[in-house]
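Tertiary structure, described
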Amino acid sequence: MLPSDIIIIGAGSAGCTLAHLLSDQHGFSVTLIEPATIETPQTFLAPEIDRTRPARWLKLLAGPNDWDYATVASKSLAGRALNCPRGRGMGGSSRINAMIWFPPTHDDFKRFSAAAADARWSTESLRSAYQSAERLVQPEPARWISEPAQRFLRAASPLGHAMAYPRMNRDGRRWTPAALLLNSPGVQTIRATVDRIRFRDNRAIGVELADGTQISASKQVILSAGSIASPTILMRSGIGPRDGLRDAGVKAWLDAPDVGQHLQDHLVMPVIFSIDAGTRFDLNVSPRDLARFEVLGQGPLTSNIAEAGGLFANDAIQIHVTPTHYLRFPQPNAASAMTIAVNATQPTSRGHVAIRSRNASDPPQIDPNYLADREDVETTIAGVKLARAIAMQLPLQNWIGPELLPGSKRTSDEGIVKSISRYAQTLYHPVGTCGLGRVVDANLSVIGTERLSVVDASVFPEVTVGNPNAMVMTLATLFANQIATSP
Ligand SMILES: Cc1cc2nc3c(=O)[nH]c(=O)nc-3n(C[C@H](O)[C@H](O)[C@H](O)COP(=O)(O)OP(=O)(O)OC[C@H]3O[C@@H](n4cnc5c(N)ncnc54)[C@H](O)[C@@H]3O)c2cc1C
C-alpha cells in the first residue's frame, strides 16, 4: 500500500472533520483508522433504529458502539466506579452522544488563546473556525419540546440563560461528522485498532496496528482517538511519564510527565421531581407519532432527552433538563419524573488516565478524581439549591410533584453532599489529557517530536463551559487551516 500524506487515528468528532477538510478542501491523501464496532449476535440488530432516532440515544450506551470504560472506584463518590462511555465506530462519541450543539463561549476561546500563546489562536481566529465548523454541522433547532422542558424554560428564564438546545441532527435524525466522508475519494478508511505510533528518531513515520500491520505516512500522523485513548496510544508508543510507563512495562524514549494527567470532566447531579403519569415521556410512541417521525422528522422521537438547559450563576453552573427520571430511564418501570440536572462548569479537580500494561486491549485506568477540590462540592451544592429554586417558579411550581432526589428532607449541605456522592454521574466530557501548552504546542504537535499532532478533546487546556463537541470540531477546523497554510 502506498503511504498517504496523512494518517488520522480515530474517526470521531475531530478525526472525521479533519479527514474531510484535509482531503476534500486541502487535497491531501488521508488514511483514517477506526476500529469496527463490536457486534455480537445479541447486539447486531438493535443499533440502527437507536442510531437514527434521537430519543433512543441512551440505548446505545454499553452496546457495540461503546468502548464502555469504567472509572476507578472513588471515595468522594461513596466508593462507586462510574461508567465512562466513549463512542466506537465511524463518528466516535458523536455516534452515541446526546447531540447537544453548544457553541463555545467567549471565555472558552480566551482559555484556548491563553494556553496556546500564539497569534494564530486569537479569539477571532477561534470564532471564525467555529463558524466554519457550524457551517459543516448545520445544527438544527429543537423540533419538539416536552411539557416539562417547556415549563422549565419559562420558570428558569428570569434566573439565568435558559435555552432549548440546538442539536447535531438532520431532519430530526441523528447526524455525525462521519456523514462528511460519504463523498471523500481522498480518504481511505481502515477498520482496525492502532497499537502504537512508529518513529524514526523523534519523527513519526506511521503506525502499527494491533495485528502487527505497519502503515506509513509521508507527511504527518494525527492522533484523534479522544481524551481516554489518545494519551494511552502515546504511552504505548513510549511517550509519557517515565515511572508510570516503566510500571506498565513500557520503556519511555520521551519522558513527558503531563501525558494522561490533568483529566477534567463535568460531574452532573440529577435533581429529580415526580410528575403526573399523563405527561410521562415514553419511547413506546403511538403509531401516529412514529409516522410523524418517519415522514416529517417531527414529534417526540426527535427529543434528545436532554432537551433544554442553560448557564446560570455567571456561567458557573450548567443545567440539563430531561422529561425523565435521570437515573432510571429508559427502564420500562422508571417512575414518571422530570430532572433538573446540575453541574459545575469549570471544575477545579483534576485526575489522570494511565495504561496498566503494554497490551492495547487492556482497559486503561481512568481516575477523574471528581470532587477532590472542595470548591467543586460547593458549586454542586449551589446547583442543587438552584434547581430547587427553579422548581418553585411558575409555571413549574403549581405543576411539578414531590422531589424524589435528593429528596425534600435533605435540606442541609451535608445531606445534599451525601446524595451527590451516591448519585452524581459523568456528563461524558473528559478532556485535557494531552493538554495544549503542556503536551502539545500551538501547532498541536507533541512537544519533543516531529510530524506528530494530537487533535481532539484531549488537548483542551480546560473543559468548555458547556458541552464540548462544538469546540472539538472548532479545533479540527483551526488545525486543518493551519496545516494547509504551513510550509
Ligand atoms: C454518551 C455521551 C453523550 C455526550 N453528549 C454530548 C452532547 O450532547 N453534546 C456535546 O457537545 N458533547 C457530548 N458528548 C461529548 C462529545 O461527544 C465528545 O467530547 C466528542 O465526541 C469528543 O470528540 P473526539 O474526537 O475527541 O473523540 P471521539 O469522538 O470519542 O473519537 C475518538 C475516536 O477514536 C477511536 N479510537 C480509540 N482508540 C483507537 C485506536 N486505538 N485506534 C484507532 N481508533 C481509536 C474511537 O473509536 C473513536 O471513534 C457526549 C459524549 C458521550 C460519550
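Worth saying up front: this structure is predicted, and the values here are computed from it rather than measured.

The subject of this paragraph is the overall build of the chain. Secondary structure summary: the chain contains 11 helices and 22 strands in total. Its C-alpha atoms give the chain a radius of gyration of 22 Å, within 12% of the compact-globule value 23 Å for 487 residues. For the chain, the C-alpha atoms occupy an extent of roughly 70 × 50 × 50 Å along the three principal directions. Counting over 487 residues, the chain shows a buried share of 59%. Residue pairs in contact within the chain that sit at least 24 positions apart in sequence constitute 72% of those at least 6 positions apart.

The feature "domain: Glucose-methanol-choline oxidoreductase N-terminal" (unreviewed entry), as given by UniProt, occupies residues 226-240 in the numbering adopted here. Secondary structure content for residues 226-240 is 73% helix and 13% strand, and the end C-alpha separation is 16 Å.

Let's shift gears to the pairing of strand 11 (residues 214-223). Two strands pair when backbone bridges link them, and strand 1 (residues 4-9) and strand 11 are joined in this way by five bridges, in the parallel orientation. Across the sheet, the residue bridging to I8 is I222, located in strand 11. Sheet topology note: the strand 10 (residues 203-209)/strand 11 ladder contains three bridges and is antiparallel. Following the sheet pairing, V207 is matched in strand 11 by I215. Hairpin connection, strand 10 to strand 11: the antiparallel pair is bridged by four residues, and G212 has positive phi, about 95 degrees. Across three bridges, the pairing between strand 11 and strand 22 (residues 452-454) is parallel. Along strand 22, the bridge assignment pairs V221 with L452.

Two elements in contact, helix 4 (residues 123-137) and helix 11 (residues 469-485), have axes whose closest approach is 8 Å; the angle formed by their N-to-C orientations is 110 degrees. With respect to helix 11, the axis of helix 4 lies roughly perpendicular. Taken together, the residues of helix 11 that come into contact with helix 4 (itself represented by S125, L126, A129, Y130, S132, A133 and V137) are A470, M471, M473, T474, T477 and L478. Class assignment of the residues belonging to the contact of helix 4 with helix 11 gives a composition of nine nonpolar, four polar and no charged.

What follows deals with the environment of G249. Take G249: it is sitting in the loop between helix 7 (242-247) and strand 13 (254-255). A relative accessible area of 58% places G249 in the exposed class. Sequence spacing of G249 and S132 is 117 residues, and the spatial spacing of their C-alpha atoms is 43 Å.

This part covers the domain arrangement of the chain. As far as domains go, the chain holds domain 1 (1-99 + 102-138 + 175-261 + 353-363 + 430-487) and domain 2 (143-173 + 267-346 + 372-423). Its C-alpha centre places domain 1 at a distance of 30 Å from the equivalent point of domain 2. Listed as interface residues are 33 residues of domain 1 and, on the opposing side, 33 residues of domain 2. Counting across the domain 1 and domain 2 interface gives one salt bridge. Between E294 and R53 there is a salt bridge, with the nearest N and O atoms lying 3.6 Å from each other. In this structure, the connection of domain 1 to domain 2 is made through 15 residue pairs in polar contact (both at pLDDT 80 or more). The set of elements that each furnish at least two residues to the side of domain 1 that touches domain 2 consists of helix 4 and helix 11.

For the rest of this paragraph, the subject is the packing of aromatic side chains. Counting across every chain of the model gives eight aromatic pairs. When the centroid spacing of 6.0 Å and the interplanar angle of 25 degrees are considered together, the rings of W101 and Y130 count as stacked. One end of the pair, W101, is in the loop between strand 4 (83-84) and helix 3 (106-116); the other, Y130, is in helix 4, with 29 residues separating them in the sequence. The exposure class assigned to Y130 is buried, which follows from its relative accessible area of 8%. Every member of this aromatic cluster is reached through a ring pair, and the members are W144, F281 and F329. Positioned above the aromatic ring of F293 is the side chain of R173, whose terminal nitrogen or guanidinium carbon lies 4.7 Å from the ring centre.

Criteria and cut-off values
Numbers given for residues are sequential positions, taken from 1 along each chain in its written order. With the structure being a predicted model, the display of local features is reserved for residues of pLDDT at least 70 and the display and counting of side-chain atom pairs for 80 or more, all residues being used for whole-chain, interface and lining totals. The side-chain figures draw on all heavy atoms in the structure; neither hydrogens nor water molecules are used. Put simply, DSSP H or I for four residues or longer makes a helix, DSSP E for two residues or longer makes a strand, and each gets a number counted from the N terminus. For a compact globule the rule gives 2.2 Å times the number of residues to the power 0.38, and the radius of gyration it is set against comes from C-alpha atoms. Buried means the residue's accessible area, taken with a 1.4 Å probe over protein chains only, is under 20% of the maximum for its type, while exposed means over 50%, and partly exposed covers the values in between. Any two residues whose heavy atoms approach within 4.5 Å are treated as being in contact. UniProt positions are given in the numbering used here, feature names are shortened, and annotations may be inferred rather than shown by experiment. By this definition, two strands are paired if DSSP reports at least two bridges between them. The convention used is that axes are lines fitted to C-alpha atoms, helices contributing only their stretch in contact, and that angles between N-to-C directions extend from 0 to 180 degrees. Here roughly perpendicular refers to angles of 65 to 115 degrees, roughly parallel to angles under 35, roughly antiparallel to angles over 145, and oblique to all remaining angles. Residues are grouped as follows: Ala, Val, Leu, Ile, Met, Phe, Trp, Tyr, Cys and Pro are nonpolar; Asp, Glu, Lys and Arg are charged; every other residue, Gly included, is polar. Domain delimitation in this document rests on an assignment produced automatically or drawn from a domain database. Within this document, salt bridges are pairs made up of a side-chain nitrogen of Lys or Arg and a carboxyl oxygen of Asp or Glu, the two lying within 4 Å of each other. Polar contacts, as used here, are pairs of N or O atoms within 3.5 Å; protein pairs need one atom able to donate a hydrogen and one able to accept it. Residues neighboring in sequence count only if both atoms are side-chain atoms. Centres within 6.5 Å are what make two rings of Phe, Tyr or Trp a pair, Trp counting through its six-membered ring; a difference in plane orientation under 30 degrees is then read as stacked, over 60 as edge-to-face, and the rest as tilted. Working rule: Lys NZ or Arg CZ, within 6 Å of ring centre, within 35 degrees of ring normal, means a charge sits over the ring.

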